[in-house]
Each structure stands twice: as C-alpha cells, then as structure tokens.
Amino acid sequence: MVSVDLLPLLYQGAVTTLKVTVLSMGVAFLLSFVAGFARLSRRKSIRLVSSVYVEVFRGTSLIVQLFWLFYALPLLGIELTALAAGVAALGLNYGAYGSEVVRSAILAVPKGQTEAAIALNMSPMLRMRRVILPQAMVIMLPSFSNLAIELLKGTSLVSLITMADLTYQGMILRTFDASRTFEIFGLILLLYFVMAYPLTLMMRWLERRLSAGRV
C-alpha cells in the first residue's frame with residue numbers, strides 16, 4: 001500500500017506541473033495561429049520570418065532551448081525566472097509544431113469553399129472567420145489534442161532548471177529514500193495519467209461539438 005507521506009510533496013509538484021502546462025499551452029496556442037497564418041501570408045518577408053522560427057524550434061532540442069533560455073540568456077543581460085524560461089521554451093517549441101497544424105488544416109479546406117465565399121462578396125477576414133476557420137478547426141483538433149498531451153509530459157523537463165514540478169519532487173523524495181523508488185515513480189506515473197486523461201476527454205468533447213452536423 002502506498003504511504004500517504006509521499007503525497008503532499010508530490011501534490012505540490014503536480015500543482016506546479018499544471019501551472020506550467022496551462023501557461024505554456026496558452027503561449028503555444030497563440031503562437032500556433034500567429035505563425036500558422038504568417039506561413040500563409042502573401043508577403044515573402046513575413047513568410048520568411050515565420051519559417052525561420054518554425055524550423056529553428058522544430059529542428060533543435062527542447063532541452064537545449066530550455067537551457068539556453070535559463071542559463072545562456074543571463075550572459076547577455078537577460079535573466080528569466082525558472083517559470084518564465086520553462087513556459088517560454090515549451091510555448092515556443094510546441095507553438096512551432098502547432099503552426100504547421102494550423103497551416104496544413106487551412107490548406108486542407110476545399111478551395112471551392114473559398115471560391116463560394118468570394119462569390120458572396122465576403123472580405124478575406126470575413127471568409128476566414130466564417131467559412132474557412134470553422135472547417136479547419138475540426139481538422140486541427142486531433143493534432144492539437146496530441147500536442148497538448150505531449151506538452152503536459154514535456155513539462156517534466158523543467159525539473160532540469162530547478163523548478164519544483166512533479167518530476168523534481170519525485171527525485172527529491174528518491175534522494176531521501178532510494179528503497180522506495182518503485183513506489184515514488186509509480187505514483188508519478190499515476191499522477192501524470194490523472195492530469196492527462198481529463199485533457200484527452202475534453203479535446204474529444206470539443207471534436208464532437210465542432211463536428212456535429214458536419215459530414
């Protein structure tokens with residue numbers, strides 16, 4: 001039977017993990033749409049800037065990005081807290097992946113829909129908001145759901161920059177009593193699942209709501 005003495009510290013770590021997850025998701029979601037739309041811009045300069053951002057953050061390690069923001073930036077006179085560095089690294093990294101989800105989903109909407117909106121004399125902004133984006137969101141959600149779960153699991157890396165998240169607290173407990181390693185990490189696995197499963201259910205619910213009435 002699991003000893004209750006482990007739970008308070010792991011609970012504190014889980015709260016920190018959820019905080020980092022929610023903040024990072026907000027940053028990643030915003031960047032996904034900003035960079036995704038920028039990749040579709042008619043202006044070459046905007047496409048170039050967004051492409052550089054996406055390729056750099058998709059093509060380099062998240063751990064290196066995290067270390068660079070937390071340990072290297074202070075050498076340039078920019079010092080971030082562990083929370084700010086963790087949220088920035090996760091948000092920038094998953095936002096780069098999310099931007100490709102947004103871009104590909106918009107391109108996947110049949111061109112006939114755009115042509116019909118143009119025939120109705122809709123402005124580019126209006127046809128994006130009323131015609132293209134609602135259909136693209138249905139396509140985006142499964143991929144966004146996967147990215148959200150991956151981001152939640154990726155928060156364990158913030159323990160490497162001294163943030164007292166769930167993984168960090170588990171390592172502290174193991175340091176004090178290595179004989180309980182199986183018990184400690186078993187609890188950590190369970191807590192990550194408890195946090196991830198409701199997120200999965202919520203994303204499936206959103207998929208059903210947005211898909212209702214669509215073929």
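What counts and how
- Residues numbered from 1 in each chain as written.
- Predicted model: local features only at pLDDT ≥ 70, side-chain atom pairs only at ≥ 80, totals over all residues.
- Heavy atoms only, no water.
- 1 Å grid on protein atoms, 1.4 Å probe; cavity = no way out; pocket = protein on both sides within 12 Å on 5 of 7 lines; lining within 4 Å.
- Points joined across faces, edges and corners; volume = space filled by probe spheres on them.
- Helix = DSSP H or I, 4+ residues; strand = E, 2+ residues; numbered from the N terminus.
- Nonpolar A, V, L, I, M, F, W, Y, C, P; charged D, E, K, R; others polar.
- Contact = heavy atoms within 4.5 Å.
- Polar contact = N/O pair within 3.5 Å; in protein donor to acceptor, adjacent residues only side chain to side chain.
- Salt bridge = Lys/Arg side-chain N within 4 Å of Asp/Glu carboxyl O.
- Buried < 20%, exposed > 50% of the residue type's maximum accessible area, 1.4 Å probe, protein only.
- UniProt positions renumbered as here; feature names shortened; annotations may be inferred.
- Phe/Tyr/Trp six-rings, centres within 6.5 Å; stacked < 30°, edge-to-face > 60°.
- Expected span 1.5 Å × (residues − 1).

Draft legend 1. Spotlight on the layout of surface pockets. Of the volumes computed, that of the largest pocket is approximately 670 Å³. Along its surface, the largest pocket is lined by 16 residues, and Leu40, Arg42, Ile106, Met128 and Ile132 are the ones closest to its centre. Only helix H4 (82-108), helix H5 (111-119) and helix H6 (124-154) provide two or more residues apiece to the lining of the largest pocket. Considering every element that reaches the lining of the largest pocket, the biggest residue donor is H6, with five residues. Of the residues that constitute the lining of the largest pocket, the class distribution is 11 nonpolar, two polar and three charged.

Draft legend 2. Quick peek at the environment of Thr60. When you line up the elements, Thr60 lands in the loop between helix H2 (44-59) and helix H3 (62-72). Not counting residues up to four positions away in its chain, the partners in contact with Thr60 are Gln65 and Asn93. At 2.7 Å, the side chain of Thr60 and the backbone oxygen of Val56 are in polar contact. Of note is the side chain of Thr60, whose polar atom sits 2.7 Å from the side chain of Gln65.

Draft legend 3. Region of interest: the pattern of salt bridges. Counted under the stated rule, the structure contains five salt bridges. Between Glu55 and Arg58 there is a salt bridge whose closest N-O contact spans 3.4 Å. Of the two residues, Glu55 and Arg58 both sit in helix H2, three residues apart, roughly one turn of that helix. Exposure remark for Glu55: the relative accessible area of 43% places this residue in the partly exposed category.

Draft legend 4. Region of interest: the UniProt feature "transmembrane region" (unreviewed entry) in the protein. Sites flagged by UniProt as "transmembrane region" (unreviewed entry) map to residues 20-40, 77-97 and 184-206. In residues 20-40, the share of helix is 95% and the share of strand is 0%. The end C-alpha atoms are 30 Å apart. Between the first and last C-alpha atoms of residues 77-97 the distance is 29 Å; the span itself is 76% helix and 0% strand.

Draft legend 5. Expanded view of the packing of aromatic side chains. Counted under the stated rule, the structure contains eight aromatic pairs. Pairing Phe33 with Phe37 gives two aromatic rings, centres 6.1 Å apart and planes at 40 degrees, and the pair type is tilted. Of this pair, Phe33 and Phe37 both sit in helix H1 (residues 7-39), separated by four residues, roughly a single helical turn. Within the aromatic cluster, the residues linked to one another by ring pairs are Phe29, Phe33, Phe37 and Phe144.

Draft legend 6. Spotlight on helix H8 (residues 181-211). Its 31 residues give H8 an end-to-end C-alpha distance of 45 Å, which sits within 8% of 45 Å, the value for a rise of 1.5 Å per residue. Its buried side turned inward, H8 meets H1, H6 and helix H7 (166-176).

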